[in-house]
Amino acid sequence: MVLEKLSSNLEMTSTKQPAVRRGSERRVADRRGSGYSSGFSSRRPSIDPSRLIPMDKTTHVGGTDDFNVVFIGAGNIMFGSDEGPWNHSFRFEHKLGLRLKVVALIDPAVERATAVLQKKCDSFVVSAYQATRVFRTLDDFIKNMSPKDRPRAFVIGSPPMYRGTLQPGRDIEIQIQKHFPGVAMFIEKPIATGDKSEIKEAFKVAKFISESGAICSVGYMLRYLKATQKMKQIIEENNLVVMATIARYACAYESIAKPDWWDKSKSAGPIVEQGTHFCDLSRYFGGEVDISSVIAHSLEWDENAGHLSKMAIDETKIAPENRIPRVTSATWKYDSGAVGSFTHVATLQGHNYSCELEVHADGYCLKLVNPYVQPVLHVRRPGDDHEQTYSFPDDDPFFSEVSNWIDIIEDIEEDTDTAQILSSYEDACRTYDLTWAIREASERSRTQRLAASKAAATLVEEAIFEEDDKE
């Protein structure tokens, strides 16, 4: 009922004019990331890897008009940290140059927001932030917004536990479209980390965004790697049918000092929160997953092999039932008949992660290595047992995803294949669904294993008792 009411409101209040497209109208919904379909295609959009221009080689988007943006969230994903390369503000500054105007920074942690804002104002990008105002909530911004502050885009980097649903206080996407119909949105992954029962709500949010006409992109940046697009190119040029995807994600747990990450009740666990990137890449190549086929096992914190010696947080402060698994391994079937597998491990110390994805087809093995730091692609082809290696130095998928999104907002490309949104909100919902299916399957497996162990122990006790009676 709430969604229907908002949809009606959207139709009555939208002042967004249809874009005057200078290029082809072909696949507009795919390009804009606003298409919604109950029968989702296994076909995934792609970009010629040669068109993904490095940040230091690109030029600022032309024009003299201000590009007003609202940042929601003042945390690491928006402003960077030592834990990784994420820093959306940095990419926006390089893409838009002097045109960037961050009209508002919304975060209930006002002191933190004010501190990061001051650092920006003390730097060479002061022009983007000198008029930025900090607000606790979206409603506060709306009440105090002047006409000149009306945003062209929202960047949503708030914790996923506070978004992706229809529930008040966790429905930021709906509220944005209610007050700014059709405004562009960039949303960080995962789309949510709520309870499994809320996945249906996420799909309703996807439908609402689609009907709003908003240009919406979700931050699955590994799709924008040149290496990833090279893999797509090889598959398409050789008319290959993917037979299997094999993914492995080993995180450096010692460097993860965020307590929420270690608490399943807050982060939904490492598969949903972190492994989501490789589940998404697996889907990008393998197509839609038969969710009912997902099987998984886990190594838990309280098992003999589950001890970690260099944790940066005090795990005893987390309730035992909410502590994360150390290893999760899953397999599934794709709708095409192909097979997928994914193993996530929290075992490495230091700072660097170790991640790989293999895509297999008849005669071909495409292996992507180290996608987060220095991506390398190894390709084995028919007729040659040796691998061909492709390197992609200084590739920045974080910039590519932002750059493509802004190009579509600006409608500056003559060729619609040049700039495309590779991860729509609906597509991200399907990745979210897969990650939850893996978590649930591993928990079922653990429950069954514990039940079997308990039953076996009971049988032993009964047998001993019977022996004692005989004596």
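Coordinates for the structure precede this section.
Remember, it's a predicted structure, so these values are computed and weren't measured experimentally. (Residues numbered from 1 in each chain as written. Predicted model: local features only at pLDDT ≥ 70, side-chain atom pairs only at ≥ 80, totals over all residues. Heavy atoms only, no water.)

K.L.:
Please set out the overall build of the chain residue by residue, giving values where relevant.
P.N.:
A tally of helices and strands in the chain yields 15 helices and 14 strands. Long-range pairs, those at least 24 residues apart, make up 78% of the contacts in the chain between residues at least 6 apart in sequence. When the accessible surface of the chain is totalled, it reaches about 21400 Å², and 52% of it is carbon and sulfur. (Helix = DSSP H or I, 4+ residues; strand = E, 2+ residues; numbered from the N terminus. Contact = heavy atoms within 4.5 Å. Areas by Shrake-Rupley, 256 points an atom, 1.4 Å probe, with all protein chains shown as cover.)

K.L.:
Please give an account of the nonpolar core that cites residues and values.
P.N.:
Residues Phe71, Trp262, Phe278, Trp332, Trp405 and Ile438 are the most contacted members of the largest nonpolar core, which totals 85 residues. Top element by residues in this core is helix H14 (residues 397-410). It accounts for six residues. Residues within four places of phenylalanine 71 in sequence aside, it is in contact with Met78, Phe79, Ser89, Val102, Ala104, Leu105, Ile106, Tyr129 and Val155. The next biggest cluster of nonpolar side chains, apart from the first, holds 37 residues, and it includes Ile156, Ile187, Ala202 and Val272. (Core = buried A, V, L, I, M, F, W, Y, C linked by side-chain atoms within 4.5 Å. Buried < 20%, exposed > 50% of the residue type's maximum accessible area, 1.4 Å probe, protein only.)

K.L.:
Account for the side chain of lysine 232, naming residues and giving values.
P.N.:
Of note, lysine 232 is situated in helix H10 (residues 226-237). Setting aside chain neighbours within four positions, we find lysine 232 in contact with Arg44, Ser46, Tyr284 and Phe285.

K.L.:
For the sheet that holds strand S9 (residues 327-333), give the residues involved together with the corresponding values.
P.N.:
With mixed pairing, the eight strands of this open sheet are ordered in space as S8-S9-S10-S7-S11-S12-S13-S14. Bordering the open sheet on either side are strand S8 (295-299) and strand S14 (388-391), each of which pairs with just one other strand. Strand-to-strand, the axes of this sheet are offset by a mean angle of 10°, without reference to chain direction. When strand S12 (residues 364-369) meets strand S13 (residues 376-380), the two strands line up antiparallel, connected through five bridges. Bridging across to S13, lysine 367 finds its partner in histidine 378. (Pairing = 2+ DSSP bridges. Axes fitted to C-alpha atoms, helices over the stretch in contact; angles between N-to-C directions.)

K.L.:
Account for the sheet that holds strand S1 (residues 67-72), with residues named and values stated.
P.N.:
The six strands lie next to each other as S3-S2-S1-S4-S5-S6, forming an open sheet whose pairing is parallel. The open sheet has two edge strands with one neighbour each: strand S3 (133-135) and strand S6 (216-218). Direction aside, neighbouring strands of the sheet carry axes that sit 20° apart on average. By the bridge criterion, four bridges tie strand S4 (residues 153-156) to strand S5 (residues 184-187) in an arrangement that is parallel. Within the sheet, the bridge partner assigned to phenylalanine 154 lies in S5 and is methionine 185. Where helix H5 (residues 110-121) meets the sheet, its contacts fall on strand S2 (100-106) and S3, and the angle it forms with S3 comes to roughly 160°.

K.L.:
I'd like a description of the environment of valine 327, backed by residues and values.
P.N.:
Note on placement: valine 327 falls in strand S9. The spatial distance from the C-alpha of valine 327 to the C-alpha of alanine 250 is 9.2 Å, given a sequence separation of 77 residues. Ignoring any residue separated from it by four or fewer positions in sequence, one finds valine 327 in contact with His297, Ser298, Leu299, Thr343, His344 and Val345.

K.L.:
Please set out the side chain of glutamate 315 residue by residue, giving values where relevant.
P.N.:
Locating glutamate 315 in the fold gives a position in the loop between S8 and S9. Classification of glutamate 315 as buried rests on a relative accessible area of 11%. A polar contact of 2.7 Å, which involves the side chain of glutamate 315, links it to the side chain of arginine 326. In this view, glutamate 315 contacts Trp301, Arg323, Ile324 and Arg326; residues no more than four positions away in its chain are not counted. (Polar contact = N/O pair within 3.5 Å; in protein donor to acceptor, adjacent residues only side chain to side chain.)

K.L.:
Which residues make up helix H8 (residues 172-179), and what values do they have?
P.N.:
H8 sits mainly inside the fold: six of its eight residues count as buried. Turning to H8, its buried residues are Ile172, Glu173, Ile174, Gln175, Ile176 and Gln177.

K.L.:
Give a description of the environment of arginine 112 that names residues and reports values.
P.N.:
Along the polypeptide, arginine 112 turns up in helix H5. Each residue touching arginine 112, except ones within four places of it in the same chain, is listed here: Ala74, Gly75 and Asp107.

K.L.:
Account for helix H9 (residues 199-212), with residues named and values stated.
P.N.:
Taking 1.5 Å as the rise per residue, H9 with 14 residues should run 20 Å; its terminal C-alpha atoms sit 20 Å apart, in good agreement. Among the 14 residues that make up H9, ten are buried, leaving the element largely enclosed by the rest of the structure. Taken as a whole, H9 has its buried residues at Ile199, Glu201, Ala202, Phe203, Val205, Ala206, Phe208, Ile209, Ser210 and Ser212. A positive phi of about 80° marks glycine 213, the residue just after H9. (Expected span 1.5 Å × (residues − 1).)

K.L.:
Provide a residue-level description of the pairing of S2, including the pertinent values.
P.N.:
The element S2 is largely enclosed, with a buried count of six among its seven residues. Relative to S2, S1 is paired through six bridges, and the arrangement is parallel. Of the residues in S2, the one forming a bridge with asparagine 68 is lysine 101. Relative to S3, S2 runs parallel, the two being bridged by three bridges. Within S3, the residue paired with alanine 104 across the bridge is arginine 133.

K.L.:
I'd love a proper account of the pairing of strand S7 (residues 242-252), names of residues and values included.
P.N.:
By the criterion of burial, S7 is predominantly enclosed, with eight of the eleven residues buried. Two elements, S7 and strand S11 (residues 354-361), share eight bridges in a ladder whose sense is antiparallel. By the bridge assignment for S11, alanine 247 is matched with leucine 357. Summarising the sheet, S7 and strand S10 (residues 339-348) pair through nine bridges and their orientation is parallel. Its bridge partner lying in S10, alanine 252 is registered against leucine 348.

K.L.:
Report on the packing of aromatic side chains, specifying residues and quantitative values.
P.N.:
Summed over the entire model, instances satisfying the criterion amount to 16 aromatic pairs. Seen from their ring centres, phenylalanine 278 and tyrosine 372 are 6.5 Å apart, and the 15° between their planes marks the pair as stacked. On the criterion of sequence distance, the pair formed by phenylalanine 278 in helix H13 (residues 276-286) and tyrosine 372 in the loop between S12 and S13 is long-range, its members being 94 residues apart. The residues phenylalanine 278 and tyrosine 372 share a single accessibility class, namely buried. Geometrically, the ring pair formed by tyrosine 353 and tyrosine 372 is edge-to-face, given 6.4 Å between the ring centres and 65° between the ring planes. Taken together, the residues tyrosine 353 in the loop between S10 and S11 and tyrosine 372 in the loop between S12 and S13 connect sequence positions 19 residues apart. Following the ring pairs from residue to residue traces out a cluster consisting of Phe71, Phe79, Phe92, Phe186 and Trp405. In this structure, lysine 232 is placed above the aromatic ring of tyrosine 284, and the distance from its NZ or CZ to the ring centre is 4.4 Å. (Phe/Tyr/Trp six-rings, centres within 6.5 Å; stacked < 30°, edge-to-face > 60°. Lys NZ or Arg CZ within 6 Å of the ring centre and 35° of its normal.)

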